[in-house]
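Each chain is listed here by its residues.
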Amino acid sequence: MKMSSTIKKNVCISIPELTAEEIKKERKRMGLSQFSFSVKYGIPINTLRAWEQGTRVPRPKYRALLQKLLCP
């Protein structure tokens, strides 16, 4: 089951379906570097990099944070 809502002409999809490219795109849309994003939201920078490279996926704790940030 897909959950969706619209924010600023972007389609917000459910976090389990969020791709590496979408995480990176939304971070950039927010105007934040990887370092700034990781510091601001308490995410280890190496973890954020791994998400954006597609080598890891966010754990439930971080999926919930991303849901709040990207799909308010």
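Please read all numbers here as calculations on a predicted model, not as lab measurements.

Chemist: Honestly, helix 3 (residues 45–53) in this entry has me stumped. Any pointers?
Modeler: Residue pairs three or four apart in sequence face the same way in an α-helix, which turns once every 3.6 residues. For helix 3, the set of buried residues is Thr47, Leu48, Ala50, Trp51 and Glu52. Against the buried residues of helix 3 lie helix 1 (20–29), helix 2 (34–41) and helix 4 (60–70). Of the residues flanking the end of helix 3, it is glycine 54, one or two places downstream, whose phi is positive at about 80°.

Chemist: Where do I start with the packing of helix 2 against helix 3 in this structure?
Modeler: In a packed pair of helices, the relevant descriptors are the angle between the two axes and the axis-to-axis distance. Contact pair helix 2 / helix 3: the axes reach a minimum separation of 9 Å and the direction vectors enclose 120°. Between helix 2 and helix 3, the crossing angle belongs to the class labelled oblique. Handedness of the helix 2/helix 3 crossing: right-handed. Contact residues: Gln34, Phe35, Phe37 and Ser38 in helix 2; Ile45, Leu48, Arg49 and Glu52 in helix 3. Its residues assigned to classes, the contact of helix 2 with helix 3 comprises four nonpolar, two polar and two charged.

Chemist: Even after reading the chapter, I still don't get the nonpolar core, so can you show me in this structure?
Modeler: The nonpolar side chains of soluble globular proteins are, as a tendency, buried together. Formed by Leu18, Ile23, Leu32, Phe37, Ile43, Leu48, Trp51, Tyr62, Leu66, Leu69, Leu70 and Cys71, the largest nonpolar core amounts to twelve residues. Sorting the residues of this core by element identifies helix 3 and helix 4 as the ones contributing at least two each. In terms of residue count, helix 4 provides more of this core than any other element does, four residues in total. The residues touching tyrosine 62, leaving out its near neighbours within four places in the chain, are Gly42, Ile43, Pro44 and Trp51.

Chemist: For this particular structure, what's the right way to read the confidence of the model for the protein?
Modeler: If pLDDT is low for a region, its predicted coordinates should not be looked at in detail. Per-residue confidence for the protein averages 81 on the pLDDT scale, and 75% of its residues sit at or above 70. Residue range residues 1–9 is modelled with pLDDT below 50. Its contacts to residues more than four positions away, or to other chains, number 13 contacts.

Chemist: I keep staring at the side chain of arginine 27 and nothing clicks. Help me out?
Modeler: By secondary structure assignment, the location of arginine 27 is in helix 1. If near-sequence neighbours (up to four positions away) are discounted, arginine 27 is found in contact with Leu32, Ser33, Gln34, Phe37, Leu48 and Glu52.

Conventions we followed
- Residues numbered from 1 in each chain as written.
- Predicted model: local features only at pLDDT ≥ 70, side-chain atom pairs only at ≥ 80, totals over all residues.
- Heavy atoms only, no water.
- Buried < 20%, exposed > 50% of the residue type's maximum accessible area, 1.4 Å probe, protein only.
- Helix = DSSP H or I, 4+ residues; strand = E, 2+ residues; numbered from the N terminus.
- Contact = heavy atoms within 4.5 Å.
- Axes fitted to C-alpha atoms, helices over the stretch in contact; angles between N-to-C directions.
- Parallel < 35°, antiparallel > 145°, perpendicular 65-115°, else oblique.
- Left-handed = near helix turned anticlockwise from the far one by under 90°.
- Nonpolar A, V, L, I, M, F, W, Y, C, P; charged D, E, K, R; others polar.
- Core = buried A, V, L, I, M, F, W, Y, C linked by side-chain atoms within 4.5 Å.
- pLDDT = per-residue confidence, 0-100.

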